[in-house]
Amino acid sequence: MPSLRIALPNKGRLSKSALALLRKAGLRARMRSDRSLTAPLGNDHQAIFLRAADIPELVADGAAEVGVTGADLVAESGCEVRELADLEFGRCRLVVAVQDESDIRGIADIPAGTRVATAFPRLTRSYFERFGIAVDIATVSGAAEIAPHLGVAEIIADLTATGSTLRVNGMREVETILESTARLIAGEAVLDQADFADRISELCLALESVRLAREKRYLMANVPRDRLDEVRQVIPGISGPTIVEVMGGGPWVAAHAVVDADCLSSTIPRLKKLGAEGILVTAIERLMP
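These remarks concern the structure in this document. (Residues numbered from 1 in each chain as written. Predicted model: local features only at pLDDT ≥ 70, side-chain atom pairs only at ≥ 80, totals over all residues. Heavy atoms only, no water.)

### Comments concerning unusual backbone geometry
Although it is not a glycine, Glu 88 sits at a positive phi angle of roughly 65°. Glu 88 gets classed as partly exposed once you look at its relative accessible area, which sits at 34%. (Buried < 20%, exposed > 50% of the residue type's maximum accessible area, 1.4 Å probe, protein only.)

Quick look at the structure:
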């Protein structure tokens, strides 16, 4: 059976998060060094390390069956690939930014013929065309924020996660072109191939189980047997809490449930009011939907 090749970013904002996600899903990359071009992932999976910007095209061409890269890079590439999952890391925005002293406050203030420096010429041109504004694109490979200071462009379209780099360089956001996170993508043709379709579905399920686990915690507590109806209201779990007899517990039973991580600050006090003791909360590695 041929290996399922997974294209991964070789560096940058997406690389470490992609490897960590796969590791939690049971696919640990066994790299000989940080400069490895490929690495076995186990279970007939293989990682191929590429520039994040190249991954959409190489997946579309069949050099890898699936890949992990940013939605911004997928959109900029224009390649015919299918997005299988939002992996919910690498969150950033492609924004239009101007120098602090600029009079521009929004898209309506940007005149035709304005020169825009960006590493995303396709997305940037398309954005301005939607508003009927013909701009002059200056394509740069990085550090777009320096362009206005050098007189290369009046404004920029660049990625930002927090806006701090823009602020440090005397710039401010005026418009958002696109919001992006990491995506799992596949070539359209490979999804029709019997050798790969089922394995890609299994990969999607494994990654989804990690995503679901991030939002949940496993809670265990000894609770009064005569207050079980009230306990069920506090920790309903996925399909109700699991109730376990405590050896020699008499009036006590153990309640186990999967709970929302965001609700723990209120769930634990509510259980304490019902007389719960020995409350234990643990992280969950994977949660199968």
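### As for helix H4 (residues 121-130)
Turning to H4, its buried residues are Pro 121, Leu 123, Thr 124, Tyr 127 and Phe 128. Contact partners of the buried residues in H4: helix H3 (71-77), strand E6 (92-99), strand E7 (115-118), strand E8 (136-139), strand E9 (155-160) and strand E10 (171-180). In the stretch just after H4, Gly 132 is the one whose phi turns positive, near 70°. (Helix = DSSP H or I, 4+ residues; strand = E, 2+ residues; numbered from the N terminus. Contact = heavy atoms within 4.5 Å.)

### Side note on the sheet that holds strand E13 (residues 242-245)
Within the open sheet, the 4 strands sit side by side as E13-E14-E12-E15. Their pairing is antiparallel. Because the sheet does not close on itself, it has two edges, and the strands there are E13 and strand E15 (277-283). Adjacent strand axes in the sheet meet at a mean angle of 20° when their direction is disregarded. In terms of strand pairing, E13 meets strand E14 (residues 252-260) through 4 bridges, oriented antiparallel. In the strand pairing of E14, Val 244 is matched with Ala 254. (Pairing = 2+ DSSP bridges. Axes fitted to C-alpha atoms, helices over the stretch in contact; angles between N-to-C directions.)

### Some remarks on the pattern of salt bridges
Scanning the entire structure with this criterion turns up 15 salt bridges. Among the salt bridges present, the one from Asp 72 reaches Arg 13, with a minimum N-O distance of 3.1 Å. With Asp 72 in helix H3 and Arg 13 in the loop between strand E1 (4-9) and helix H1 (15-24), this residue pair connects regions lying 59 residues apart in the sequence. We classify Asp 72 as buried; its relative accessible area is 0%. Note on Arg 13: relative accessible area 40%, which makes it partly exposed. One salt bridge connects Glu 245 with Arg 225, and the closest N-O pair in it is separated by 3.0 Å. Note that Glu 245 is positioned in strand E13 and Arg 225 in the loop between strand E12 (216-224) and helix H8 (228-234), a separation of 20 residues in sequence. For Glu 245, a relative accessible area of 55% corresponds to the exposed category. By relative accessible area, Arg 225 is classed as partly exposed at 34%. (Salt bridge = Lys/Arg side-chain N within 4 Å of Asp/Glu carboxyl O.)

### A word on the packing of aromatic side chains
Overall, the coordinates contain 2 aromatic pairs when judged by the stated rule. Taking the centre distance of 5.6 Å and the plane angle of 80° together, the rings of Tyr 127 and Phe 128 count as edge-to-face. Phe 128 shares its class with Tyr 127; the two are buried. Linked through ring pairs, Tyr 127, Phe 128 and Phe 131 together constitute an aromatic cluster. (Phe/Tyr/Trp six-rings, centres within 6.5 Å; stacked < 30°, edge-to-face > 60°.)

### Points about the pairing of E10
For E10, the tally of buried residues reaches 7 of 10 residues, placing the bulk of the element in the interior. Direction of pairing for E6 relative to E10: antiparallel, over a ladder of 8 bridges. Its bridge partner being in E10, Cys 92 is matched across the sheet by Ser 180.

### Examining the sheet that holds E9
Strand pairing in a sheet is mediated by backbone hydrogen bonds. Such pairs are either parallel or antiparallel. Across the sheet, which stays open at both edges, the 5 strands sit in the order E8-E7-E9-E6-E10 with mixed pairing between neighbours. Strands with a single pairing partner mark the edges of an open sheet, and in this sheet they are E8 and E10. Averaged over all pairs of adjacent strands, the angle between their axes in this sheet comes to 25°, without regard to strand direction. With 5 bridges joining them, E6 and E9 adopt antiparallel strand pairing. What sits directly across from Ala 97, in E9, is Ile 156. Sitting on the sheet, H4 touches E6, E7, E8, E9 and E10, and the angle it makes with E10 is about 105°.

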